[in-house]
Amino acid sequence: MTHPGTLILIMAAAVLAPLLVYATGRRIRIPLVIFEISLGILIGPDVLGWARPDDVVDTLADLGLSMLIFLAGYEIEFAAVRGDTLRRSLWAWLVSLGLGIGVAFLISGGDVFEAFVIGTALTSTALGTVLPMLRDSGQLRGRFGTVMSAFGAVGEFGPVVAVALLLSGRRPGESAALLAGFGVLTAGAVFWAMRPRPPWFARLTERTLHSSGQFAVRFVMLLLACMLGLAEVFGLDVLLGAFAAGVLTRLVLRRAVPGSSEQVLGKVEAMGFGFLVPLFYVVTGIEFDLHALLHDLGALLLVPVFLLLVLLVRGAPVYALAPRDLGRADRTALALFASTCLPLVVAITTIGMDQDLLASDEAASLVGAAMISVLVLPLLAMRLRSTAGDASREQAAHGTAKDAETW
């Protein structure tokens, strides 16, 4: 099928996905990304064979990946994740990375770069999937929400840095030096972002917010392009540039136009989640090697193995290093949320296949396990917290009644 037909099918799948979420929402809450990837698999070459991406679609999908990571960087509020909680989340992720690469080294049969791909994928957290659930349930602003934000932020930022450091194709020392150089320039950009913007910036933003000028949106896109280009110049993966651009954009908008920052972000999200991000996920489904997964018993058996490894590699260190003021149920829920891992797994396996470091059947097994993690683990975590909350309320009520009897 030619490019226009494929693009139409991809956008039709993107429109159908939220309709399916709405239709099934009364019985079970299925994340939107599951439907987007599943519909991509359906129209892809391994099922109906209707859609086959070309260079234009692949380029748009790459932009969708950059936008996804950009929005993930914007979501992180570093002011809320300081101190002991941040230190614990950093140590938990570093332990996860060591465990992940060690286990992946055994799975890969000693292939170092394949171990880097698999091991890094096992350490990621889908913060963009978890935070909306906590926000909708009113749990994001409490103690648990703050801790989850810290562990989730490191679970997104850490793998992006690891990809830039471990999968650049250079020697570790050279990659570290380039990463340090990028970090210095990014720190300078952060310093610039923290400075007050001139008055005309806010005036022009307000004046063009509902006109064809759209100054603030264009400025955000320029910032994203600059950080992507800077990462490219340093020979680092563009994911790092996209993530840094998201962090910088949050700082600039919150300081320069605090009253309009949410409206500007809404317009950028409309561009991302309305077009580019779903296109990336549908294309991921189209390129998903379902044939290898279903016709290779080893690849199929790897799906539950990878899911178990995600829980052990990512979940166990999170549980062990969670703040001590959280109860056992909250620590378990935190570990389950932190083990939810689809978006970056898709991104990392895509990079691994593009660099011929990862076979398509292994990538399909990893993505399959990540899809199950998004579908199952947050629901288990929410139910666990809900049950624990009901139990504590019942215990409190029983204690009150007992006190009344005493009186």
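Student: How should I be thinking about helix α2 (residues 32-43) in this particular structure?
Tutor: Three- or four-residue spacings in an α-helix give side chains the same orientation, since the helix completes a turn every 3.6 residues. With twelve residues, α2 ought to run about 16 Å at 1.5 Å a step, and its terminal C-alpha atoms sit 17 Å apart, in line with that. Burial of α2 is extensive: nine of the twelve residues sit out of reach of the surface. Looking at α2, one finds that the buried residues are Val-33, Ile-34, Phe-35, Glu-36, Ile-37, Leu-39, Gly-40, Ile-41 and Ile-43.

Student: How should I be thinking about unusual backbone geometry in this particular structure?
Tutor: Residues other than glycine predominantly adopt negative phi, and peptide bonds predominantly adopt the trans conformation. Positive phi, normally seen in glycine, also occurs at Gln-214, with a value near 45°. Within the secondary structure, Gln-214 is located in the loop between α9 (199-208) and α10 (215-233). The exposure class of Gln-214 is buried, given its relative accessible area of 18%. Backbone geometry at Asp-356 places phi at a positive 55°, although glycine is not the residue there. Relative to the elements of secondary structure, Asp-356 occurs in the loop between α16 (342-354) and α17 (360-406).

Student: It is not clear to me how a nonpolar patch on the surface should be interpreted in this structure. Could you clarify?
Tutor: Among the surface-exposed residues, Leu-42, Val-47, Leu-48 and Trp-50 lie close enough to one another that they form a single nonpolar patch of about 340 Å² accessible area. By the element assignment, Val-47 lies in the loop between α2 and α3 (55-75). A relative accessible area of 40% places Val-47 in the partly exposed class.

Student: Which parts of the structure should I look at to understand a negative patch on the surface?
Tutor: A surface patch of negative charge is lined by Asp-62, Glu-287, Asp-354 and Asp-356. For Asp-356, a relative accessible area of 71% corresponds to the exposed category.

Student: Hey, could you run me through the side chain of Thr-125 in this one?
Tutor: Take Thr-125: it is sitting in the loop between α5 (112-121) and α6 (127-136). Since its relative accessible area comes to 2%, Thr-125 is described here as buried. Only 2.7 Å separates the side chain of Thr-125 from the backbone oxygen of Ala-338, close enough to count as a polar contact. Each residue touching Thr-125, except ones within four places of it in the same chain, is listed here: Met-148, Phe-151, Gly-152, Gly-155, Glu-156, Arg-314, Phe-337, Ala-338 and Thr-340.

Student: Any chance you could explain the nonpolar core here in plain terms?
Tutor: Considering soluble globular proteins, one finds that nonpolar side chains tend to be buried as a cluster. Counting residues in each nonpolar core, the largest one holds 104 residues, and the members touching the most others are Phe-70, Phe-182 and Leu-342. Within the second largest apolar cluster, 18 residues are counted, among which are Val-130, Phe-151, Leu-334 and Ala-381.

Student: It is not clear to me how the packing of helix α7 (residues 143-166) against helix α15 (residues 328-338) should be interpreted in this structure. Could you clarify?
Tutor: Helix-helix packing: each pair is described by the crossing angle between the helix axes and the interaxial distance. Remark: α7 packs on α15, axes separated minimally by 10 Å, with the N-to-C direction vectors making an angle of 35°. In terms of crossing hand, the pair formed by α7 and α15 is right-handed. On the side of α7, the interface is formed by Phe-144, Val-147, Met-148 and Phe-151, while α15 contributes Asp-330, Ala-333, Leu-334, Phe-337 and Ala-338. Split by residue class, the contact of α7 with α15 holds eight nonpolar, no polar and one charged.

Student: For this particular structure, what's the right way to read the packing of α3 against α10?
Tutor: At a closest axis distance of 12 Å, the pairing of α3 and α10 adopts a crossing angle of 105°. It follows from the interaxial angle that α3 and α10 lie roughly perpendicular. The segment α3 lies against α10, with Ser-66, Met-67 and Phe-70 engaging Val-220, Met-221, Leu-224 and Leu-228.

Student: Help me out: how do you make sense of α16 in this one?
Tutor: Its 13 residues give α16 an end-to-end C-alpha distance of 18 Å, which sits within 8% of 18 Å, the value for a rise of 1.5 Å per residue. The buried count for α16 comes to ten of 13 residues, which makes it a mostly enclosed element. Asp-356 sits one or two positions beyond α16 and adopts a positive phi of about 55°.

Student: What should I look at first to understand the environment of Asp-54 in this one?
Tutor: Considering the arrangement of structural elements, one finds Asp-54 in the loop between α2 and α3. Owing to a relative accessible area of 24%, Asp-54 belongs among the partly exposed residues under this scheme. Along the chain, Asp-54 and Leu-7 lie 47 residues apart, while their C-alpha atoms are 9.6 Å from each other. Engagement of the side chain of Asp-54 in a polar contact is seen with the backbone nitrogen of Val-56, the distance being 3.2 Å. Polar side-chain contacts of Asp-54 include one of 3.1 Å to the backbone nitrogen of Val-57.

Student: Just checking my understanding: could you explain the packing of aromatic side chains for this structure?
Tutor: The description of an aromatic ring pair rests on the distance of the ring centres and on the angle between the ring planes. Within this structure, the stated rule accounts for ten aromatic pairs. Summarising the aromatic geometry, the rings of Phe-182 and Phe-234 are spaced 6.2 Å apart at their centres and angled 80° between planes, so their arrangement reads as edge-to-face. Placement of the pair is Phe-182 in helix α8 (residues 172-194) and Phe-234 in the loop between α10 and α11 (238-256), with a sequence separation of 52 residues. Accessibility assignment for this pair places Phe-182 and Phe-234 in one class, buried. Ring geometry for Phe-280 against Tyr-281: centres 5.3 Å apart, planes inclined by 50°, an arrangement best described as tilted. Here Tyr-281 falls in the buried class, since its relative accessible area comes to 5%. The structure contains a cluster of three or more aromatic residues connected by ring pairs, namely Trp-200, Phe-201, Phe-215 and Phe-219. Looking at Arg-250, its charged tip hangs above the ring of Tyr-74, at a distance of 5.5 Å from the centre. A cation over an aromatic ring shows up here: Arg-331 above the ring of Tyr-319, its NZ or CZ 5.0 Å from the ring centre.

Student: Before we go on, may I ask you to explain the side chain of Ser-365 in this structure?
Tutor: Within the secondary structure, Ser-365 is located in helix α17. When sequence neighbours within four positions are dropped, the list of residues in contact with Ser-365 reads Leu-293, Ala-299, Leu-302, Val-303 and Phe-306.

Conventions we followed
- Residues numbered from 1 in each chain as written.
- Predicted model: local features only at pLDDT ≥ 70, side-chain atom pairs only at ≥ 80, totals over all residues.
- Heavy atoms only, no water.
- Helix = DSSP H or I, 4+ residues; strand = E, 2+ residues; numbered from the N terminus.
- Expected span 1.5 Å × (residues − 1).
- Buried < 20%, exposed > 50% of the residue type's maximum accessible area, 1.4 Å probe, protein only.
- Patch = residues over 30% accessible without salt bridge, like charges linked within 9 Å, V, L, I, M, F, W, Y side chains within 5 Å.
- Areas by Shrake-Rupley, 256 points an atom, 1.4 Å probe, with all protein chains shown as cover.
- Salt bridge = Lys/Arg side-chain N within 4 Å of Asp/Glu carboxyl O.
- Lys, Arg positive; Asp, Glu negative; His and termini not counted.
- Charge placed at Lys NZ, Arg CZ, Asp CG, Glu CD.
- Polar contact = N/O pair within 3.5 Å; in protein donor to acceptor, adjacent residues only side chain to side chain.
- Contact = heavy atoms within 4.5 Å.
- Core = buried A, V, L, I, M, F, W, Y, C linked by side-chain atoms within 4.5 Å.
- Axes fitted to C-alpha atoms, helices over the stretch in contact; angles between N-to-C directions.
- Left-handed = near helix turned anticlockwise from the far one by under 90°.
- Nonpolar A, V, L, I, M, F, W, Y, C, P; charged D, E, K, R; others polar.
- Parallel < 35°, antiparallel > 145°, perpendicular 65-115°, else oblique.
- Phe/Tyr/Trp six-rings, centres within 6.5 Å; stacked < 30°, edge-to-face > 60°.
- Lys NZ or Arg CZ within 6 Å of the ring centre and 35° of its normal.

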